[in-house]
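Secondary and tertiary structure notes
One letter stands for each residue in the lines below.
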Amino acid sequence: MKEIKIGFLQQHNVADPAVNIQRLAKGIADLAARGAQLIVLQELHNSLYFCQVEDVNNFDFAEPIPGPSTGFYGELAKQYGVVIVTSLFEKRAPGLYHNTAVVIEKDGTIAGKYRKMHIPDDPAYYEKFYFTPGDLGFHPIDTSIGRLGVLVCWDQWYPEAARLMALQGAEILIYPTAIGYESSDTPDEQERQREAWTTVMRGHAVANGLPVIAVNRVGHEPDPSGQTRGIEFWGSSFAVGPQGEIHYRASNNEEESIVIEVDMHHSEQVRRWWPFLRDRRIDSYQDITKRYIDE
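Residues numbered from 1 in each chain as written. Predicted model: local features only at pLDDT ≥ 70, side-chain atom pairs only at ≥ 80, totals over all residues. Heavy atoms only, no water.

**Structural notes on helix H3 (residues 159-167)**
Those residues of H3 not exposed but buried are Ala161, Ala162, Met165 and Ala166. Along the axis of H3, the buried positions cluster into a sector of 135 degrees, meaning they face one direction only. Packed against the buried residues of H3 are strand E5 (110-115), strand E7 (146-150), strand E8 (172-177), helix H4 (187-208) and helix H5 (266-273). In the stretch just after H3, Gly169 is the one whose phi turns positive, near 90 degrees. (Buried < 20%, exposed > 50% of the residue type's maximum accessible area, 1.4 Å probe, protein only. Helix = DSSP H or I, 4+ residues; strand = E, 2+ residues; numbered from the N terminus. Arc of directions from axis to C-beta. Contact = heavy atoms within 4.5 Å.)

Quick look at the structure:
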């Protein structure tokens, strides 16, 4: 049996990045003390979710990779002997920025990075203003605890991304996330959206026979422009197994620090029972690369 302990921090952020980072450091130390071997942080965890507005001054949050944050979290990874999945605003060059997940190995080195491929552009989620779409492709990252298929937030709605990670031997799918309710939506609509978010990733787990971890931020963050009432991030971070079974789902309105034990070898058995990869009709999927199929 290959069981690993996965920790995650579902956190409410404040305006001062130094406060967020120090709280994350304390949380990482606590998770490591509780036996976590892999620690997953939420999307853009160092700051507020600045994409609610289009403001060129927010580019000041960006940093190079390697840089200050990879150095800071690298020291924590080395100190506690854990693998950490971070989510950073990458400054690649002046005028060229990415939303980038960086995996830190337990010796403090960078195991690999993934640049977010699908970039949303919706009211209060103006990510296309800030982020250039990723150009590293969909490739798992090898670590001392396994091969991690790391994707980011909006990627979680796309089965193609999860499948490509699975086809390259990913042992687990991981989604740092920042998603919440639009204030004008009714409670029923809000709940439909939250359940759809959970359901689509459970589907990725089932279709690929892999466990899935999604870590979302929680709490209210105001709109600096005052044009909306801000975003109420819905938390609900979760871990599911390769049949979509929910191991744990966090609160939709409270911070949480959780350690989950996941049997990574269970995927082998599930894939023997449900051999979806065997039965794929790869000779008939050519049209999948088209934007739309017009009759």
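**Structural notes on the environment of Phe233**
Position of Phe233 relative to the elements: it lies in strand E12 (residues 231-234). Using a relative accessible area of 0% as the deciding quantity, one classes Phe233 as buried. Spatially, the C-alpha atoms of Phe233 and Ser184 are 14 Å apart, while their sequence positions differ by 49 residues. When near neighbours in sequence (up to four residues on either side) are disregarded, Phe233 contacts Tyr49, Ala178, Ile179, Gly180, Arg217, Val218, Gly219, Glu221 and Asn252.

**A word on unusual backbone geometry**
Residue Ile65 is joined to Pro66 through a cis peptide bond whose omega torsion reads 0 degrees. Of note, Pro66 is situated in the loop between strand E2 (38-40) and helix H2 (68-80). Backbone geometry places Cys153, a non-glycine residue, at a positive phi of 40 degrees. Although it is not a glycine, Ser236 sits at a positive phi angle of roughly 60 degrees. On the accessibility criterion, Ser236 (0% relative accessible area) is buried.

**Focus on the sheet that holds strand E13 (residues 238-240)**
What the six strands build is an open sheet, ordered E6-E7-E8-E10-E13-E14; its pairing is mixed. Across the chains shown, the open sheet's two edge strands, defined by having one partner strand only, are strand E6 (141-143) and strand E14 (246-249). The mean inter-strand angle of the sheet, taken between neighbouring strand axes irrespective of direction, is 20 degrees. Across three bridges, E13 lies against E14 in antiparallel orientation. Note on E14: the bridge partner recorded for Val240 is Ile246. (Pairing = 2+ DSSP bridges. Axes fitted to C-alpha atoms, helices over the stretch in contact; angles between N-to-C directions.)

**Digging into the UniProt feature "domain: CN hydrolase" (unreviewed entry) in the protein chain**
Following the UniProt record, one finds the feature "domain: CN hydrolase" (unreviewed entry) at residues 4-264. Strand forms 31% of residues 4-264 and helix 23%; the C-alpha atoms that close the span are 7 Å apart. (UniProt positions renumbered as here; feature names shortened; annotations may be inferred.)

**A closer look at the side chain of Ser47**
Here Ser47 is to be found in the loop between E2 and H2. You can call Ser47 buried: its relative accessible area is 7%. If we skip the residues at most four places from it in the chain, Ser47 touches Asn13, Asn20, Phe61 and Arg217.

**Concerning the state of the cysteines**
Evaluation of the coordinates by the stated rule reveals zero disulfides. Of all cysteine sulfurs in the structure, the one in Cys153 sits closest to Cys51, which takes part in no disulfide; the separation is 9.8 Å. (Disulfide = S-S within 2.5 Å.)

**Some points on the packing of aromatic side chains**
One pass over the structure, following the stated rule, counts 24 aromatic pairs. Taking the centre distance of 6.4 Å and the plane angle of 85 degrees together, the rings of Phe89 and Tyr130 count as edge-to-face. Pair noted here: Phe89 is in strand E3 (residues 83-93) and Tyr130 is in the loop between E5 and E6, with a separation of 41 residues, a long-range link. Exposure class is identical for Phe89 and Tyr130. Each is buried. Here the aromatic rings of Trp197 and Trp234 are separated by 5.8 Å at their centres, their planes lie at 65 degrees, and the arrangement is edge-to-face. Separated by 37 residues along the polypeptide, Trp197 in helix H4 and Trp234 in strand E12 bring together distant segments of the chain. (Phe/Tyr/Trp six-rings, centres within 6.5 Å; stacked < 30°, edge-to-face > 60°.)

**Brief notes about the packing of H3 against H4**
Between H3 and H4, whose axes approach to 10 Å, the crossing angle comes to 35 degrees. For H3 against H4, the interelement crossing comes out right-handed. Of the residues in H4, those in contact with Pro159, Ala162, Arg163 and Ala166 of H3 are His204, Ala207 and Asn208. Of the residues that constitute the contact of H3 with H4, the class distribution is four nonpolar, two polar and one charged. (Left-handed = near helix turned anticlockwise from the far one by under 90°. Nonpolar A, V, L, I, M, F, W, Y, C, P; charged D, E, K, R; others polar.)

**Here we look at the pattern of salt bridges**
Counted according to the given criterion, the structure contains 19 salt bridges. For Asp135, the salt bridge goes to Arg92, with nearest N and O atoms at 2.6 Å. Of this pair, Asp135 sits in the loop between E5 and E6 while Arg92 sits in strand E3; the two residues are 43 residues apart in sequence, bridging distant segments of the chain. Glu191 is paired through a salt bridge with Arg194; the nearest N and O atoms lie 2.9 Å apart. In this pair, Glu191 and Arg194 both sit in helix H4, three residues apart, roughly one turn of the helix. The exposure class of Glu191 is partly exposed, given its relative accessible area of 32%. A single network of salt bridges, built from pairs that share partners, joins Glu90, Arg92, Lys113, Arg115 and Asp135. (Salt bridge = Lys/Arg side-chain N within 4 Å of Asp/Glu carboxyl O.)

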